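Here's the letter readout for the chains.
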Amino acid sequence: MYKGVIFDLDGVLCHTDRFHYRAWKKVADEIGVPFDETVNRRLRGVSRLESLEIILEKSRETFSEEQKEQLAEEKNTYYRTLLSEMTPADMEPAVREMLQELRAHGIQIAVGSSSKNAPFIIERLGAEKAFDAVCDGTMITHSKPHPEVFLKAAQALGLEPGECLVVEDAPAGLEAAKAAGMDCAVIGQGPWPEKPEFELKSAAEVAQIA
Ligand code: BG6
Ligand code: MG
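Residues numbered from 1 in each chain as written. Chains lettered and ligands numbered in written order. Predicted model: local features only at pLDDT ≥ 70, side-chain atom pairs only at ≥ 80, totals over all residues. Heavy atoms only, no water.

Comments concerning the packing of helix α3 (residues 48-56) against helix α4 (residues 65-83)
Where α3 meets α4, the axes come as close as 10 Å, and the angle between the chain directions of the two elements is 110°. Classified by the angle between their axes, α3 and α4 sit roughly perpendicular to one another. Note on element contacts: α4 touches α3 through Lys 68, Glu 69, Leu 71, Ala 72 and Asn 76, opposite Arg 48, Leu 49, Leu 52, Glu 53 and Leu 56. (Axes fitted to C-alpha atoms, helices over the stretch in contact; angles between N-to-C directions. Helix = DSSP H or I, 4+ residues; strand = E, 2+ residues; numbered from the N terminus. Parallel < 35°, antiparallel > 145°, perpendicular 65-115°, else oblique. Contact = heavy atoms within 4.5 Å.)

Points about the coordination of the magnesium ion (ligand 2)
Here the magnesium ion (ligand 2) is held by the protein donor atoms Asp 8 (OD), Asp 10 (O) and Asp 169 (OD), which lie 2.0 to 2.1 Å from it. Read N to C, the donor residues that coordinate the magnesium ion (ligand 2) are spaced as D-x1-D-x158-D. For the residue pair Asp 8 and Asp 10, the accessibility class agrees, reading buried in each case. (Donors = N, O, S within 2.8 Å, 3.2 Å for Na, K, Ca; no water. Buried < 20%, exposed > 50% of the residue type's maximum accessible area, 1.4 Å probe, protein only.)

Topic: the packing of aromatic side chains
For any pair of aromatic rings, the description rests on two quantities: the centre-to-centre distance and the angle between the ring planes. Applying the stated criterion to the full structure yields one aromatic pair. For the pair Tyr 21 and Phe 35, a centre-to-centre distance of 5.2 Å together with 25° between the ring planes defines the contact as stacked. With a gap of 14 residues between them, Tyr 21 in helix α1 (residues 16-30) and Phe 35 in the loop between α1 and α2 (37-43) connect regions that are remote in the sequence. For Tyr 21, a relative accessible area of 22% corresponds to the partly exposed category. In this structure Phe 35 comes out as buried when scored by relative accessible area, which is 5%. The ring of Trp 192 has Arg 41 sitting right over it, with the charged end atom 5.2 Å from the ring centre. Looking at Lys 75, its charged tip hangs above the ring of Tyr 79, at a distance of 4.4 Å from the centre. (Phe/Tyr/Trp six-rings, centres within 6.5 Å; stacked < 30°, edge-to-face > 60°. Lys NZ or Arg CZ within 6 Å of the ring centre and 35° of its normal.)

Some details on the layout of surface pockets
By volume, the largest pocket amounts to about 580 Å³. If you trace the largest pocket, you find 32 residues lining it, with Val 46, Ser 47, Arg 48, Ser 114 and Ser 115 closest to the centre. Every element with two or more residues in the lining of the largest pocket is listed here: α1, α2, α3 and α4. Counted by class, the lining of the largest pocket contains seven nonpolar, 13 polar and twelve charged residues. (1 Å grid on protein atoms, 1.4 Å probe; cavity = no way out; pocket = protein on both sides within 12 Å on 5 of 7 lines; lining within 4 Å. Points joined across faces, edges and corners; volume = space filled by probe spheres on them. Nonpolar A, V, L, I, M, F, W, Y, C, P; charged D, E, K, R; others polar.)

A look at the sheet that holds strand β6 (residues 198-200)
Taken in spatial order, the six strands line up as β3-β2-β1-β4-β5-β6 in an open sheet, and their pairing is parallel. Two strands in the sheet have a free side with no partner beyond their single neighbour: β3 (133-135) and β6. Strand-to-strand, the axes of this sheet are offset by a mean angle of 20°, without reference to chain direction. As defined by bridge partners, strand β2 (residues 108-112) adjoins β3 across three bridges and the pair is classed as parallel. Across the sheet, residue Ala 110 finds its bridge partner in β3, namely Ala 133. Packing of helix α7 (residues 148-157) onto the sheet brings it into contact with β1 (4-7), β2, β3 and β4 (164-168), and relative to β2 it is tilted by some 150°. Helix-sheet contacts for helix α8 (residues 171-179) involve β4 and β5 (183-187), and the interaxial angle to β5 is about 170°. (Pairing = 2+ DSSP bridges.)

Some thoughts on the packing of α1 against α4
Where α1 meets α4, the axes come as close as 9 Å, and the angle between the chain directions of the two elements is 140°. With respect to their mutual orientation, α1 and α4 come out oblique. Crossing angle aside, the handedness with which α1 passes α4 is right-handed. Note on element contacts: α4 touches α1 through Leu 71, Ala 72, Glu 74, Lys 75, Tyr 78, Tyr 79, Leu 82 and Leu 83, opposite Thr 16, Phe 19, His 20, Arg 22, Ala 23, Trp 24, Lys 26, Val 27 and Glu 30. Of the residues in the contact of α1 with α4, the class split is ten nonpolar, two polar and five charged. (Left-handed = near helix turned anticlockwise from the far one by under 90°.)

Encoded structure:
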């Protein structure tokens, strides 16, 4: 049905979304800003600095640009410590098999992630060879819900947007896919800002719809 599938990484192919939460929670606690799962959900798919801005909406203090850079840096340092403990076992076998199955059916596979850490994560997962293209946070000027990352990923695969399926766990990611003119399969619970084409429990189910 699709010539290409573009996967979000954090929260779709692996559970790094938990690490993002832990790292932001540590920073938020240090500066005394309330942070919970509801706020965290808004950070999914959004760049590091934009995520910090969302967290700071609940702060009574104001922070200079330099302080914000420092807080984002602190979050990333802790986040990378958590990432460095990941191993190939952190990609579920069913997800790995699904990627192989897509390949076997001639479907091209890309990663479309807002994360600047995406290449490091893919390396930790030992999944470098699973993808025909990786488009990450270092290659874009606008993070999701802007469609840039998905349009670039489709271009890297040599495909038209209409030939691609996006797989996402983030409301901002679903919006980005729709803005790119792509079908979207979402994982996890709504509410979703737009109607996705598919709602899945795990990325492992993608082989059944692509
Ligand atoms: C996305 C995550 O994949 O990457 C966001 O869903 C995160 O929560 C964004 O803020 C940027 O990540 P990084 O690794 O560049 O800080
Ligand atoms: Mg995600």
